[in-house]
Amino acid sequence: MKFNSDPAWLKKQASLEDNCFVSVGGLVSAVEDLEQQTQQATASRTAFVKLLNLTRREHKLTWEQFSQKLDVDLAELMEIENDESYKPTPRTVTKIAHFLHVPAEKLFILSGLARVHDRYFKEAALRFAARSQPVKELSSEEHEALKEYVKFLCER
Amino acid sequence: MKTRVHIIDNTTGQAVEAEIFDEVTVEHFIETQQEWRPIVLKAARQLAARGSHQLIPQHFHWDWTTKAPELKVLANAFYGIRYDNQLQGLMKIETVGQFCSCRLPEQVDKALVYVDYIEVAPWNLKVLMNALGEKPRYNVIGSRLIEAAVLKSKEEDCKGRIGLHSLPMTESFYIKTCRMTPVGRDPAKQNLLWLEYTPEQAENFLTGAR
């Protein structure tokens, strides 16, 4: 491809274009559609967190060990786990995808970095998020930790 | 493909060397969502608050990440312009598909390259930057993308013929700046205006002849 390198052409185009709108594509859809997309993204995000959590437990790894295996910052992993609105970096998601042996593009969608108009993908994410809700009772260790933390919160 | 092209830096009025490329990935789409969209929405809110509803960009809701599956379609090509370590503009074109045929009577049914999507980074758009009390940074991004589409059309033996559906607020850019021919409203695409280049018009755009 040979682009025009003539300064006069560039100057003329600059004057004509003048930083105006040039967008090509579809018109604005209803604002309600945007809100619906946000809700679907939340369901996918829950599935992403569950997937991370179950994978870590499947491999019997602590969060620290998991972060080392993934070569991902522990703080970022904790953000993903605990903050619904947190958007992981594409680099982190790529590393997680590599560890899980799944296509990075699928995890981009699940993590909320990308969107997809695929009903089955969304439904599968929703089903996974719902099915993988833990029903196991807390271990004595978890129970103690929770009790201690609640006590701490009450005393503050 | 990676090629150096000049764009204009508005702060100095001088040409600067940017890079136009076609190896667009899903990471670029994510970049638009993370870097562009918040600014577009912020400016749109400002315009709405001022009652300037007619200036609210008609593409404020776009999400390039939904285009990720289309990266694998051979009939599609994506082009990006990068400068200052930031994506300055992005375009998707189709070489095969329902909109890849000419409609102008003089070239009806001939193959063309269809420009499906173009978006320029919000910091390069005057209306949005004015709404945020700033000045647009770089100019000629839209022209460079259209130039890439015309060059691709020539590569595809379409002789520079391209077609697109313009949003209402961008019609003047395609009619007055690019000098494309407005053919008519298309009921199959939200009644948007369909515009086309003949080979002669495309050549005039490439060379700057009027």
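Computed from a predicted structure; not experimentally measured.

1. As for the overall build of chain A
Here is step 1 of the chain: Each helix and strand in chain A was counted, giving eight helices and zero strands.
Here is step 2 of the chain: Listing every helix and strand of chain A by position from the N terminus yields α-α-α-α-α-α-α-α.
Here is step 3 of the chain: Nonlocal contacts in chain A, meaning residues at least 24 apart in sequence, comprise 53% of its contacts between residues at least 6 apart.

2. Focus: the nonpolar core
Here is step 1 of the chain: A:Phe108, B:Met91, B:Val115, B:Leu145, B:Ala149 and B:Ile162 are the most contacted members of the largest nonpolar core, which has 89 residues in total.
Here is step 2 of the chain: Per element, the largest residue contribution to this core is eight residues, and it comes from helix α1 (residues 26-49) of chain B.
Here is step 3 of the chain: Beyond its immediate chain neighbours, meaning those up to four positions away, B:Met91 contacts B:Phe78, B:Tyr79, B:Val115, B:Tyr117, B:Ile118, B:Leu145, B:Ala148 and B:Ala149.

3. Describing the interface of chain B and chain A
Here is step 1 of the chain: Counting from both sides, the interface comprises 50 residues of chain B and, opposite them, 36 residues of chain A.
Here is step 2 of the chain: For the side of chain B that touches chain A, the elements supplying multiple residues, two or more each, are β1 (2-9), α1, β5 (113-120), α2 (126-131), α3 (141-155), β7 (162-166) and α4 (171-177) of chain B.
Here is step 3 of the chain: Classifying every residue of the side of chain B that touches chain A by side-chain character gives 27 nonpolar, 18 polar and five charged.

4. With respect to the sheet that holds strand β9 (residues 192-196) of chain B
The pairing of strands in a sheet happens through backbone hydrogen bonds and is either parallel or antiparallel.
Here is step 1 of the chain: The nine strands lie next to each other as β6-β1-β2-β3-β4-β5-β7-β9-β8 (chain B), forming an open sheet whose pairing is mixed. A single partner strand is all that each edge strand has here, and the edge strands are β6 (138-139) and β8 (181-186) of chain B.
Here is step 2 of the chain: Pairing of β8(B) with β9(B) involves five bridges; the strand directions are antiparallel. Within β9(B), the residue paired with B:Asp186 across the bridge is B:Leu192.
Here is step 3 of the chain: Contacts from helix α1 (residues 7-17) of chain A reach β1, β2 (14-21) and β6 of chain B, with the element oriented near 55° to β1(B).

5. Topic: the environment of A:Phe108
Here is step 1 of the chain: Note that A:Phe108 resides in helix α6 (residues 104-110).
Here is step 2 of the chain: Owing to 25 C-beta atoms within 10 Å, A:Phe108 belongs among the buried residues under this scheme.
Here is step 3 of the chain: For the pair A:Phe108 and A:Thr89, spaced 19 residues apart in the sequence, the C-alpha separation amounts to 9.5 Å.
Here is step 4 of the chain: When residues no more than four places from it in sequence are discounted, the contact partners of A:Phe108 are A:Pro90, A:Val93, A:Leu113, A:Ala114, B:Val26 and B:Ile30.

6. Quick word on the pairing of β1(B)
Here is step 1 of the chain: Note: β1(B) against β2(B), eight bridges, orientation antiparallel. Pairing of B:Ile7 across the sheet is with B:Val16, part of β2(B).

7. Quick word on the confidence of the model for chain A
Residue and element names in this part refer to chain A.
Here is step 1 of the chain: When pLDDT is averaged along chain A, the result is 77, and 71% of the positions lie at 70 or above.
Here is step 2 of the chain: When pLDDT is averaged over each helix and strand of chain A, the minimum, 65, is found for helix α8 (residues 140-155) and the maximum, 95, for α1.
Here is step 3 of the chain: Long-range and interchain partners of residues 29-35, a stretch whose pLDDT sits below 50, account for two contacts in this model, where long-range means more than four residues apart.

8. Examining the packing of helix α3 (residues 63-70) of chain A against helix α4 (residues 74-82) of chain A
Residues and elements named next belong to chain A.
Here is step 1 of the chain: One way to put it is that α3 packs onto α4 with a least axis distance of 9 Å and a crossing angle of 115°. Comparing the axis directions of α3 and α4 gives the class roughly perpendicular. Here α3 runs over α4; the crossing is right-handed. Facing α3, whose interface residues are Trp63, Glu64, Phe66 and Ser67, α4 presents Leu74, Leu77 and Met78.
Here is step 2 of the chain: Across the contact of α3 with α4, the residue classes break down as five nonpolar, one polar and one charged.

Cut-offs applied
Residues numbered from 1 in each chain as written. Chains lettered and ligands numbered in written order. Predicted model: local features only at pLDDT ≥ 70, side-chain atom pairs only at ≥ 80, totals over all residues. Helix = DSSP H or I, 4+ residues; strand = E, 2+ residues; numbered from the N terminus. Contact = placed C-beta atoms within 7 Å. Core = buried A, V, L, I, M, F, W, Y, C linked by C-beta atoms within 7 Å. Buried ≥ 20, exposed ≤ 12 C-beta atoms within 10 Å, placed from the backbone. Nonpolar A, V, L, I, M, F, W, Y, C, P; charged D, E, K, R; others polar. Pairing = 2+ DSSP bridges. Axes fitted to C-alpha atoms, helices over the stretch in contact; angles between N-to-C directions. pLDDT = per-residue confidence, 0-100. Parallel < 35°, antiparallel > 145°, perpendicular 65-115°, else oblique. Left-handed = near helix turned anticlockwise from the far one by under 90°.

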